[in-house]
Each structure stands twice: as C-alpha cells, then as structure tokens.
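Letter by letter, the chains look like this.
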Amino acid sequence: MPAKKMNRMELLAELAGTLKGYRLKTAGNIGSGIASEAFTLLSAGISAYMVALALQGTLDESSNKLFILLAFSILGFAVFRYLESLLSHDVAFHILVDYRVKLYSAFEKICPDILLNSKSGQLSVTLMNDVEILEWFFGHTVGSIVATLAIVLGILGFLAWLHPLLSLVMIISMAVIFTIPFLLKGTADKQGLLNRYKLGDANSVTLEGLNGVKEILALNYKERYKQKNDAFMEQLTDSQVDYTKRQGKEGGLLLTAAGVAAIAINITAILLVLHGKLSLEWFAVVGTTIWLAFNPVLALCDKARSFGIIFASATRVSDILHAQPLVKDTGRDIPVAAIKPYIDFDHVSFRYKNAGQNAVSDVSFQIRAGELIAFVGESGAGKTTCTNLLMRLWDVSEGSIRIGGHDLRALSLHTVHSVISAVLQDVYMFNVSIMENIRLGNPAAADGQVIEAAKQAQAHTFICDFEDGYNTIAGERGAQLSGGQRQRIAIARAILTNAPILIFDEAVSNLDTKSEMEIQHTLRALAQKRTIVMVAHRLSTIAIADKLIVFENGQVVQTGTHEELISKDGCYRKLVASQLQKN
Ligand code: ADP
C-alpha cells in the first residue's frame, strides 16, 4: 500500500516542506529562539563579568553601562522567549489541522482497501495520536534545531575570539555530544515504531471490547476478553518501559558528556589565565556561561531522544498520505442525467488482494433501466462482491462493468457515486438529528424535501412518534433506533440523493415482518423511477423483484423470475428448499 519507505532525511524534508505555507512565522520563531538564547547567555556573561570586576575592586561608575545592558538582556530574554513559544505553537497547531484534513482525505481515497488491511485501532492511532506527536516536532523541535546551531556557531566564534584553543575544545565536545543520539538512533527508531504499533494494537482491542460488548456478555466471553486485553496492555507497557529506559540511559550519557566538556573548557581557560593569555574577567564569563551554553545543545539532544517516536509517527502518517488508491480516479465527469440507468456485467472476474482464488469468475448479466433485480445465493456466493464492484470500491480484475454504456473506469468516482447510491446492511447514523442524518443524502435539500423523502421511505410516521420528531438526536451509531428504522432512514437518504441506481443490501436479522413488508412496499414504489439492485438474504424479499440473478461459487448460474426458476431443477430450487427447511 505505501509508495515506498522513506529514510529520516526524506521524512525530515517532507515535514519541513509543510512549513512552506508558514515561512514568515517560522522565521520569526527561529529568530526569537536565537535571540532568547543569546540574551540568556548575555545576561549570565555580563553578571559574571561584573562580579569579576567587583572582586578585583574595579567596578566603578563607568560600569553603569553594564547594568543597563544587563537589564536590557533580561527584558530581551523574556520578550523573545514569549514570542518563540507563541509563534512555534501557532505554526504547529495550524500544521496539525492541515495534516488532519490531508490524512482524512487520503484515508477516504484508499478506502476500503486500508480498512480491510489495517486494524481500526491502528488507524485511529494514526489519525489522532500520531498527528498529535508531530506537534512536538513543529512546536518544540524545528525552531530549536536552527536556533541551537546558530548559538553554537556564535559561541564558537566568541571562544575563538578569546583564544582559538577554547574553540577547539568546544568543537571536540560538541562533536562527541552530537554523536551520542546518532549512535543510538537505530534502537530509538525501532523502539519508536514498535511503541506506536503496540499502542495501535491496544487501541484495537479496546475498540473491539466497546463494539462487541453485547457479544462479550452474551457469549460469556468476559474472562477470555479480559485476558486478551490484559496481554495487549502488558505488551504496550513493556514497549513503553523499554523506550523510557533507553531515553533515560541516553539522557545520563549526554549529561555526563556535557559536564566533562564544560570541565575541559574550564580547565583550558584556567591554563590560559595562568599563562597570561586570558584576563580574569573573561575567565569568569567563560566559566559561568559555558554551563548555560550547553543547555540548548542538551535540550536539542533531549528532543533527539524523542526522534524515535517522532519519526515513527511521521512514517505512519506518511504511509497513509502516500498510499496508492487501488481505484484510480482518472475517468471523466458526466452529468447524471446523461447516463441511462442500465447495467452490464461483461465477463467480470475479480480476486481480492492476497486471496487464493477469484471471488467472482466470468460473471455476465444485464439489468434494464427501471428493473428491480435481486441477487440470490448462498452466503459467500459473490453477491456483495458484485455490488462492491458496481460501486467501484474495487476495479474488476477481468472483463468490464458498464452503466448506461459507459465503462465504470471511464467515469470519475464522483459521477459513479452520483449515479449509484447504496443502502447498506449496517447503516451508520451520525450523532446529529434525524433531519440532518437524512439530509446527508443532499446537503442542499430543504426541510420539506427531507420530510417528503422520509414519507416515501415509510419513515415519516415513526419519526413523528418520537417526542422531538425530526429533531431527535440519533445517538451514537443510531443506538436509539431499531434496525428497521435505521434502514428506512438510510432509504430516505438515498431517495434524497436522486441517484437513478439504488443498491439495497437487505438486513438479515434486524427487521420484523411488519418493517420488512413496509420496506418492500417502499422499494417497489421507488423502482418505478429507479433501477434497484437488491442483495436478498431472505427469500420473502425476492417476491417483489422483477428478475433474480442466482449466484453459486462466484458464478451466475441462473437468471429469471421466481416462477421461471422455481419450475426448473436448479440451484434456485435447492436454495428455496434449504431455506424452507431451516425455517
Ligand atoms: P456473498 O455476498 O454472496 O455472501 P461475498 O461477495 O461477500 O459473498 O464473497 C464472495 C467470496 O469472496 C467469498 O468466498 C468470500 O470469502 C470472499 N471474500 C469476500 N470479501 C473478501 C475480502 N475482503 N478478502 C478476501 N476474500 C473475500
């Protein structure tokens, strides 16, 4: 699915690329970072210089200038630290919003492939947490990398000005300090990625527990689910503890290296004083500020210790952003009115990714405009696969599907989804009012049109029975509505879209006989103006169809009306007999 794995430099380039739209603020952030660090060092340096003068008894009135400079540095430090924090977070939070929007549209493009191949917990971690982690990078890292490098160069210049030997010791120290995170980078990356995946796995199990709570209770799966949950949480904790241990070791190593470096520079400075190459005031400045000078360097290395997680998150985000959709949207837009709603399946074969055999093979049939067709067959026979191919969730492996004579691949996805609307078994209700849930079919529809669609879908009466009528909040996943009610709301949505082809995946278990009859009545009425393809799971539904297409083992084995097919000795008659037996 991902285009290719990126290395750290490529990831950095990609992350830095997102700053393009925020050049001015980023420059302000970096400038403020450099200024605030410089003012910190300046304040400490001036203080040390004045203390050294005082100790030598040479602090007199002419030193007032130093007091003013000190006050100015302290003020400068405060102002620029504030600006740095403000600008870095301003940029970071705007970029996070950009990322979230880009990620969601990338995610939509690669659906449903990504849904079938990833756990929902992993996806939610990427869509929410991984993006959040990038805030560290944009808010706390980008600016400080540049600011620290500038400060290091400034200090080197200052030390070289005092004495070249001091800058030489500083260069060697910096080389050692910066090498530590690079040496440990491999482990950091591995642990970071493992950590994100363990978090994703743990989220998946939690979501499974939430979504399947009814089954967990009904099947007495509680204890086993708890054990599974505990095992995943333990693995997550282990990987987090390992990550923190490594961070701790690395931190200790860095602090030790910085301490040794500061002592080495101090000893060099003392030797220079003893040899008359450095005055006492400047020794005081070096001795005091060198400890502070290592602070931004250590802070940067501290951030580098988190690069494992930052790059792991950036990799996961980038995997989704660069994933290639299986269905290429290269067809053209055609007005819906210009496409006649007849359908041709022409020698269609399709195999799911990684599947050993075709899900459907050499399937051919025609559906005329205005027909109500039922796909019939045992479970696994290929009915849903054909409706998914018709909606172009995947492209056929062989053959072609045409609507109104146009090959689906020659039409834009927008056109295909405007011509075909689907009512699926598991209807998703958004947590807004019923009115808004129906209006999703056509956001421009007026309240009157929504109500008219609900009437056609036989939903108006039960909606009016609710205390708040159309303003009733549907509840998460429509928990407050029965299966039949949800399906009728979904039908109302589909009616509002005005799509001339409607796919209806019949719910198996949710409908009582009354609801079922009402929905059948609705579909029959809708078929007067539309072409309807119905995946029939119950034989009782088939009664309303104009024609049946019978599937067996991924192939179409019979087509005809119920009367024609029942009179023949074939798959359909066996299917009816076996269902009657089950009932
Ligand atoms: P039906 O709708 O008639 O129950 P499907 O179209 O769902 O049948 O399934 C047809 C065949 O394709 C079955 O063998 C099923 O196991 C297989 N199949 C369905 N979905 C997938 C998938 N995502 N990956 C691999 N095989 C699949």
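Residues numbered from 1 in each chain as written. Predicted model: local features only at pLDDT ≥ 70, side-chain atom pairs only at ≥ 80, totals over all residues. Heavy atoms only, no water.

**A look at the site of the ligand**
If you check the shell around the ligand, you find eleven residues, and the closest are Gly380, Gly382, Lys383, Thr384 and Thr385. Backbone polar atom of Ala381 to an oxygen atom of the ligand: 3.1 Å apart, as the coordinates give it. Expressed as a share of its isolated accessible area of 560 Å², the protein-covered part of the ligand is 62%. The element that contributes the greatest number of residues to the shell around the ligand is helix 12 (residues 383-390), accounting for three residues. Looking at side-chain class alone, the shell around the ligand contains four nonpolar, five polar and two charged residues. (Near = heavy atom within 4 Å. Polar contact = N/O pair within 3.5 Å; in protein donor to acceptor, adjacent residues only side chain to side chain. Areas by Shrake-Rupley, 256 points an atom, 1.4 Å probe, with all protein chains shown as cover. Helix = DSSP H or I, 4+ residues; strand = E, 2+ residues; numbered from the N terminus. Nonpolar A, V, L, I, M, F, W, Y, C, P; charged D, E, K, R; others polar.)

**Structural notes on the packing of helix 7 (residues 185-211) against helix 9 (residues 222-274)**
Where helix 7 contacts helix 9, the axes come no closer than 9 Å and their chain directions differ by 160 degrees. Regarding the angle of helix 7 to helix 9, the classification is roughly antiparallel. As helix 7 packs across helix 9, the resulting crossing turns out to be left-handed. Split into classes, the residues belonging to the contact of helix 7 with helix 9 amount to ten nonpolar, ten polar and six charged. (Axes fitted to C-alpha atoms, helices over the stretch in contact; angles between N-to-C directions. Parallel < 35°, antiparallel > 145°, perpendicular 65-115°, else oblique. Left-handed = near helix turned anticlockwise from the far one by under 90°.)

**Thoughts on the pairing of strand 8 (residues 531-535)**
Of all five residues making up strand 8, five are buried, and the element is well covered by its neighbours. Alternating positions in strand 8 separate into two faces, Thr531, Val533 and Val535 on one and Ile532 and Met534 on the other, with burial throughout. Pairing of strand 3 (residues 372-377) with strand 8 involves four bridges; the strand directions are parallel. Across the sheet, residue Leu372 finds its bridge partner in strand 8, namely Ile532. Two elements, strand 7 (residues 501-505) and strand 8, share five bridges in a ladder whose sense is parallel. Note that in strand 8 the partner of Asp505 across the bridge is Val535. (Buried < 20%, exposed > 50% of the residue type's maximum accessible area, 1.4 Å probe, protein only. Pairing = 2+ DSSP bridges.)

**So, the domain arrangement of the protein chain**
Domain annotation for the protein chain reports domain 1 (8-321) and domain 2 (336-582). Each of domain 1 and domain 2 has a C-alpha centre, and these two points are 53 Å apart. (Domains from an automatic or database assignment.)

**Some words on the sheet that holds strand 7**
If you trace the six strands from one edge of the open sheet to the other, you get 6-7-8-3-9-10, paired in mixed fashion. The open sheet has two edge strands with one neighbour each: strand 6 (420-423) and strand 10 (555-560). Here the average twist between neighbouring strands, direction ignored, is 20 degrees. Sheet analysis places strand 6 next to strand 7, joined by four bridges and oriented parallel. Among the inter-strand pairings, Ala422 is bridged to a residue of strand 7, identified as Ile503. Across the sheet, helix 12 lies against strand 3, strand 6, strand 7, strand 8 and strand 9 (547-552), angled at about 140 degrees from strand 3, the strand it touches most. (Contact = heavy atoms within 4.5 Å.)

**Quick word on unusual backbone geometry**
Unusually for a residue other than glycine, Asp362 sits at a positive phi of about 50 degrees. Mapping Asp362 onto the fold places it in strand 2 (residues 360-367). On the accessibility criterion, Asp362 (46% relative accessible area) is partly exposed. In this model, Asn553 sits at a positive phi of 45 degrees, which is unusual for a non-glycine residue. Note on placement: Asn553 falls in the loop between strand 9 and strand 10.

**Focus: the pattern of salt bridges**
Under the definition given, this model contains 18 salt bridges. Arg246 is the partner of Glu250 in a salt bridge, and the nearest nitrogen-oxygen pair spans 2.6 Å. Here Arg246 and Glu250 lie together in helix 9, a separation of four residues that amounts to about one turn. Judged by relative accessible area, which is 2%, Glu250 ranks as buried. Among the charged side chains, a salt-bridge network with shared partners connects Glu37, Arg81 and Glu84. (Salt bridge = Lys/Arg side-chain N within 4 Å of Asp/Glu carboxyl O.)

**Quick look at the packing of aromatic side chains**
Per the counting criterion, the structure on display carries 15 aromatic pairs. Centroid distance Trp161 to Trp282: 5.4 Å. Interplanar angle 90 degrees. Geometry classified as edge-to-face. Separated by 121 residues along the polypeptide, Trp161 in helix 5 (residues 120-162) and Trp282 in helix 10 (residues 280-305) bring together distant segments of the chain. An aromatic cluster is present here, built from Tyr49, Phe158, Trp161 and Trp282 joined pairwise through their rings. When the ring centre of Tyr99 is taken as origin, the NZ or CZ atom of Lys102, which lies over that ring, is 5.0 Å away. Directly above the ring of Tyr197 sits Arg316, whose terminal nitrogen or CZ lies 4.6 Å from the centroid. (Phe/Tyr/Trp six-rings, centres within 6.5 Å; stacked < 30°, edge-to-face > 60°. Lys NZ or Arg CZ within 6 Å of the ring centre and 35° of its normal.)

**Some thoughts on a nonpolar patch on the surface**
Judged by side-chain polarity, Ile263, Ile267, Ile270, Leu271, Leu274 and Trp291 come together as a nonpolar surface patch covering roughly 600 Å² of accessible area. Broken down by element, the residue count for the nonpolar patch peaks at five residues, all from helix 9. The residue Ile267 is located in helix 9 in this model. (Patch = residues over 30% accessible without salt bridge, like charges linked within 9 Å, V, L, I, M, F, W, Y side chains within 5 Å.)

**With respect to the side chain of Gln485**
In this fold, Gln485 is placed in helix 17 (residues 483-497). Exposure remark for Gln485: the relative accessible area of 16% places this residue in the buried category. Excluding its chain neighbours within four sequence positions, the residues that come into contact with Gln485 are Phe462 and Phe466.

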